[in-house]
Amino acid sequence: MATLRRLWQRLRHAASPGGAEVDIQRELAAHRLMLEDEFRQRGKSDAEARMMAARRLGGLEQIKVHHRETRSIRVLDELRIDVTFAWRRLRAWPGVPALAIAMLATAVGLSTASFTVVDGLFLRPLPFPHADRLASVWMRTKTGGRRTVSAAVVRAWRASTAFDNVEGAESGPSVIDTASGPLARRGANVTPGLFDMLGARPIAGRLFAPDAAGRQEVVISEELWRAAFGADRSILGRAVRFDDTGMTVVGIMPATFHFPAWDTSFWSSVDLNAPDAARMVAYVKRAPHVPESDALRVAADVAHTIDPSTAAEYATRSPIIGGYFDKYRRQAVPILAGAVVLVGSALSANVVCLLLTRLRARRREFAMCVALGASRGRLIRQAVVEGALVGLGGVVGGIALAWGLVSLAAAFLPREFIENSLNPLDLDLRALVAAVLAGLFATICAALAPAWLATRVDGKSNARASERQGTHTTGERLAVRALLVLQVSLSCALLIGAMLLVRSFVNVSRLDRGFDPGGLVELTWSFDGTTVTTREARTVVAARLREEVLSLPGVREATWSRSAGIVFGDIKSDLPAVPPVATPVQVTAIEPTYFDVYRSTLVIGRSFRADDGPDAAIVGESLAAKLWPDAQALGRAIIWSNRILRVVGIVREPRQSLVDADRENLDLFTPLDGPGRYPVLTARCGNACPSEGTFRRGLHGGAQGGLVDARYLEAEFARDLEQPRASASLAATFAAIALAATAFGLFGSLAYSVQERRREFGVRAALGATPSAIAGVVYREAAILTGVGLAGGTIVAAFIARSLKTIIFGIQPFDPATWSAVVGTLVLTIALATWRPARLAARTDPAMQLREDG
């Protein structure tokens, strides 16, 4: 305890130097009084006692130094002195340090925010126990299709030792009867053990019992509980109608649970033993001792035995959630994260240039310190402490900036974009560690390298040298030029990527969609399967609903359609030499007025007529080119599902999404033979469309069904453009930051170089050099740096352009116009940054310079 007490006292005195000095003064005063009393007792006078006591004590300053070393920790004392001196130096010249802190904060903030987004979407494990062994298993066809599995296959997989758990789920839209009217929500039919496999627990009520399969019970989400039932706990145990089926609410899941889709609002149990059990997505937990490849092989063998229709298929896995990421989430986000790294590198390089230039200006000061006995290690330590203070400010500012950027991302990114990963988008411990590591790396670069280069001084020669002459070393010049070349290279690469994304966004926004989405609303209707059971009854109700929609204000036209699904490899041409179409084909059943309402363009032929039989077909241009590559498609036959369809028209394919603008759209249209269970009524409005609430109030389905969803296509396309617009905007912002950092770094370096070379320029002018020739020296140096930087930047840009190939549309990665524009922009920016230093060099007065030297 005594040792710990002494150590604590040392730390306290080291941290509080003022208190330690007071203690030393008190102890010396007390010791001096004791000596004076001793000499008085020997018969000495007061004056003699004071004099003899002073002699006995010796030098007071030496005693104080000895006591300071005894009472304190030398390293902490020296660190305190270094920090104090560095703080004073930074306060004396705050401009360069403030700019360096701002650049470091930008680099750390962008890096941390980027890491947070990428970590939340891709890296962080799912919040389920044993998430590494969880997956969804599908049966994939050789032509690229992916199918769910039957209930019998799920039961057989459960009996296999390759899996610890096998559960199933199927989801779809539903209509819920509430006190305020029907409410459209997505629900899921799941096997009772799914929640236990995922480790999910309700916030109120209970989950399904193991033997509850097939019971009329439902578990609702917290969001649905609050929105539809006012957070009333008495809803537990009450019956609510879901798709006209009375279901008893038994539990409430927390708002953080989203499965199997991010917008799932309720869950009902499904009976795998029921004869009419539907096909479903299988969710499995692989046994810990079974490799993934073996588990999939066992799953395929079992499926082939139980379900002969899967004999030509194989088992494949996907992540349990988030398995489908469109290309902007799969590719653009990592690419933008790499752009952040490049921006951070450019900013860090600029900070190194700033601090190195600042320390080079103090070479005379360092030379004087060396002449007075200071070691190079002492100078390096002092310079590193100054850089560390700048780095600390950059880390603190970077964390604050990252918090703001992540908050903006969480507020403005689409909900499904974030929640598809099931992880919150916030600054957690992992993000803070990333910020500290990024700041540590930036601090090391910003402090150690300039300190090492700038403290290479010779005390004798540098103390005698004139400060005006400049005493920078070859190593310093090479380091600064290398950093400037690095910045030019990174700016070139970022500008190439940004220009490609911007031009791709412009191309996508101007893309011909194949129809006019302005004023189009797609209304998905759900017919009650218990009261409207026949096709004739649905046809009668559909005709009445069309009249009700046409009576609403602003609605001019309406047409029914029904998706017949996506077909994989089952559509063939009547030409025997043409293989079946392997690309998925969207089959849609439509009314004759469909293309008139959508304003789609018929390339050749006609639309359906009322007297067309069920074997008529209209195909899209791309599908016609695949089925009859060298023949006229009109009048030809299509073989599909044991049917022969006759082509009566060819239409330009409608693009339902702009995100995958370069994806091949293959469409096949057949006559509508009945509305089906979930038909779509498309309405075209005038200047203003009715709201979704107006449509719901205007359509009186009652027991015959209800409106499930209303999609305003123009707004859908606007949302589609959000991701390419965000990618282009972020890339352009990053490129602008890197370009500004490059221009400023080059300007600062050339300005300091001109200041150091004033005597040289004065001599050149005195010997007859013209101002333009002197300015050409500066421009030549900038041109060499730019040329080398562009050479390196094109190499990096080539890799970036190649990685962007799959997410840019309507432009080639190595488009000459784009690359020429980037090179021109860089050259113009660097020329503007060089103009001022070159002008200062050209205006050097030789007479004034000679007078200063004299």
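Reading the values: the criteria
- Residues numbered from 1 in each chain as written.
- Predicted model: local features only at pLDDT ≥ 70, side-chain atom pairs only at ≥ 80, totals over all residues.
- Heavy atoms only, no water.
- Helix = DSSP H or I, 4+ residues; strand = E, 2+ residues; numbered from the N terminus.
- Buried < 20%, exposed > 50% of the residue type's maximum accessible area, 1.4 Å probe, protein only.
- Contact = heavy atoms within 4.5 Å.
- Areas by Shrake-Rupley, 256 points an atom, 1.4 Å probe, with all protein chains shown as cover.
- Phe/Tyr/Trp six-rings, centres within 6.5 Å; stacked < 30°, edge-to-face > 60°.
- Axes fitted to C-alpha atoms, helices over the stretch in contact; angles between N-to-C directions.
- Parallel < 35°, antiparallel > 145°, perpendicular 65-115°, else oblique.
- Nonpolar A, V, L, I, M, F, W, Y, C, P; charged D, E, K, R; others polar.
- Core = buried A, V, L, I, M, F, W, Y, C linked by side-chain atoms within 4.5 Å.
- pLDDT = per-residue confidence, 0-100.
- Expected span 1.5 Å × (residues − 1).
- Bend = angle between axes of the 7 residues up to and from the residue.
- Salt bridge = Lys/Arg side-chain N within 4 Å of Asp/Glu carboxyl O.
- Pairing = 2+ DSSP bridges.
- Polar contact = N/O pair within 3.5 Å; in protein donor to acceptor, adjacent residues only side chain to side chain.
- Patch = residues over 30% accessible without salt bridge, like charges linked within 9 Å, V, L, I, M, F, W, Y side chains within 5 Å.
- Left-handed = near helix turned anticlockwise from the far one by under 90°.

## Here we look at the overall build of the protein chain
- Of regular secondary structure, the protein chain possesses 27 helices and 22 strands.
- Here the protein chain holds 854 residues, and the buried ones make up 47% of them.
- Partitioning the intrachain contacts of the protein chain with sequence separation of at least 6 by distance along the chain shows that 81% fall at a separation of at least 24.
- Total accessible area on the protein chain is roughly 40100 Å²; 59% of this is exposed by carbon and sulfur atoms.

## So, the packing of aromatic side chains
- Counted according to the given criterion, the structure contains 16 aromatic pairs.
- Considering the side-chain rings of Phe-242 and Phe-266, the 4.6 Å spacing of their centres and the 50 degrees angle between planes classify their relative orientation as tilted. Highlighted residues: Phe-242 in strand E7 (residues 239-242) and Phe-266 in strand E9 (residues 264-269), separated in sequence by 24 residues.
- Between Phe-515 and Tyr-598 the ring centres are 5.5 Å apart and the planes differ by 70 degrees, which places this aromatic pair in the edge-to-face class. A residue pair is termed long-range when its members are at least 10 positions apart, and Phe-515 in the loop between helix H17 (474-509) and strand E12 (520-527) and Tyr-598 in helix H19 (residues 594-598) qualify at 83 residues. Of the two residues, Phe-515 and Tyr-598, both sit in the buried class.
- A network of ring pairs unites the aromatic residues Phe-128, Phe-195, Phe-208, Phe-257, Phe-259, Trp-267 and Tyr-283 as a single cluster.

## Focus: the packing of helix H22 (residues 713-720) against helix H23 (residues 722-756)
- As a packed pair, H22 and H23 sit with axes 4 Å apart at the nearest point and diverge in direction by 30 degrees. When the interaxial angle is binned, H22 and H23 end up roughly parallel. Two secondary-structure elements touch here, H22 through Ala-718, Arg-719 and Asp-720 and H23 through Glu-722, Gln-723, Pro-724 and Arg-725.
- Classifying every residue of the contact of H22 with H23 by side-chain character gives 2 nonpolar, 1 polar and 4 charged.

## Thoughts on the nonpolar core
- In terms of nonpolar packing, the biggest core is built from 47 residues, with Leu-494, Ile-496, Leu-500, Leu-501 and Leu-804 touching the most fellow members.
- Of all the secondary-structure elements, those providing two or more residues to this core are helix H6 (95-123), helix H11 (327-360), H17, H23, helix H25 (771-803) and helix H26 (816-842).
- Sort the elements by how many residues they give to this core and H17 lands first, with 11 residues.
- The contacts of Leu-500, once residues within four sequence positions are left out, are Ala-801, Leu-804, Ile-808, Ile-811, Gln-812, Pro-813 and Thr-818.
- The next biggest cluster of nonpolar side chains, apart from the first, holds 24 residues, and it includes Ala-188, Leu-194, Phe-195 and Met-253.

## What to know about the confidence of the model for the protein chain
- For the protein chain, mean pLDDT is 78; residues scoring 70 or higher make up 79% of the total.
- Low pLDDT, under 50, characterises residues 459-471; the predicted model gives this stretch 26 contacts beyond four residues in sequence or across chains.

## Points about H26
- With 27 residues, H26 extends 37 Å from end C-alpha to end C-alpha; this agrees with the ideal 39 Å at 1.5 Å per step.
- Its axis deflected by about 35 degrees at Trp-835, H26 carries its strongest bend there, up to four residues before the proline Pro-837.
- The complete set of buried residues in H26 reads Thr-818, Trp-819, Val-822, Leu-826, Thr-829, Ile-830, Ala-833, Thr-834, Pro-837, Ala-838, Ala-841 and Ala-842.

## Comments concerning the pattern of salt bridges
- Considering all chains together, one arrives at 23 salt bridges under this definition.
- The salt bridge partner of Arg-133 is Asp-164, with a shortest N-O separation of 3.1 Å. Of this pair, Arg-133 sits in the loop between H6 and strand E1 (134-140) while Asp-164 is found in strand E3 (residues 163-178), placing the two residues 31 residues apart along the sequence.
- In this structure, the salt-bridge partner of Glu-557 is Arg-599, at a minimum N-O distance of 2.9 Å. Of the two residues, Glu-557 is situated in strand E13 (residues 555-567) and Arg-599 in the loop between H19 and strand E16 (602-605); the sequence distance between them amounts to 42 residues.
- Since its relative accessible area comes to 25%, Glu-557 is described here as partly exposed.
- Of the residues examined, Arg-599 reaches a relative accessible area of 39% and is grouped as partly exposed.

## Re the pairing of strand E21 (residues 680-685)
- By the criterion of burial, E21 is predominantly enclosed, with 6 of the 6 residues buried.
- Residues Val-680, Thr-682 and Arg-684 of E21 are buried on one face, and the alternating residues Leu-681, Ala-683 and Cys-685, pointing to the opposite face, are buried as well.
- Two elements, E12 and E21, share 5 bridges in a ladder whose sense is antiparallel. Bridge pairing links Thr-524 to Val-680 in E21.
- The sheet contact formed by E13 and E21 spans 6 bridges and is antiparallel. If you follow Ser-561 over to E21, its bridge partner there is Val-680.

## A word on the side chain of Thr-310
- Take Thr-310: it is sitting in the loop between helix H10 (292-306) and strand E11 (314-318).
- There is a polar contact of 3.1 Å between the side chain of Thr-310 and the backbone oxygen of Ala-303.
- In contact with Thr-310, not counting residues within four places along its chain, are Met-139, Arg-147, Ala-303 and His-304.

## Focus: helix H7 (residues 151-158)
- Along H7, the positions that sit buried rather than exposed are Ala-151, Val-153, Val-154, Ala-156 and Trp-157.
- Residues of H7 that are buried in the fold lie against E1, E3, strand E10 (281-286) and H10.

## With respect to the environment of Gly-793
- Counting through the fold element by element, Gly-793 comes out in helix H25.
- For Gly-793, a relative accessible area of 0% translates into the label buried.
- The spatial distance from the C-alpha of Gly-793 to the C-alpha of Ala-493 is 5.3 Å, given a sequence separation of 300 residues.
- Leave out the neighbours within four places in its chain, and Gly-793 touches Ser-489, Cys-492 and Ala-493.

## Describing a nonpolar patch on the surface
- Together, Leu-429, Leu-432, Val-433, Leu-437 and Leu-440 line one region of the surface with nonpolar side chains, adding up to about 470 Å² of accessible area.
- Inspection of the secondary structure puts Val-433 in helix H15 (residues 429-454).

## Overview of the packing of H7 against H10
- The interhelical angle for the contact between H7 and H10, taken along N-to-C directions, is 130 degrees, at an axis separation of 9 Å. By the angle between their axes, H7 is oblique relative to H10. Every pair of crossing elements has a handedness; the one defined by H7 and H10 is right-handed. Residue-level contacts link Ala-152, Val-153, Ala-156 and Trp-157 of H7 to Ala-299, Val-302, Ala-303 and Ile-306 of H10.
- Residue composition of the contact of H7 with H10, by class: 8 nonpolar, no polar and no charged.

## Regarding the pairing of strand E15 (residues 585-590)
- By the criterion of burial, E15 is predominantly enclosed, with 5 of the 6 residues buried.
- The pairing of E13 with E15 spans 6 bridges and is classified as antiparallel. Note that in E15 the partner of Ile-566 across the bridge is Gln-586.
- Where E15 meets strand E20 (residues 667-671), 5 bridges bridge the pair, whose relative direction is parallel. Pairing of Ile-590 across the sheet is with Pro-671, part of E20.

## Brief notes about unusual backbone geometry
- A cis geometry characterises the amide bond from Phe-259 onward to Pro-260, with omega recorded as 0 degrees.
- By secondary structure assignment, the location of Pro-260 is in the loop between strand E8 (245-253) and E9.
- Residues other than glycine seldom take positive phi values, yet Ala-231 does so here, at roughly 55 degrees.
- Residue placement: Ala-231 occurs in the loop between helix H9 (222-229) and E7.
- Exposure remark for Ala-231: the relative accessible area of 28% places this residue in the partly exposed category.
- You will see that Arg-599, though not glycine, has its phi angle at about 60 degrees, which is positive.

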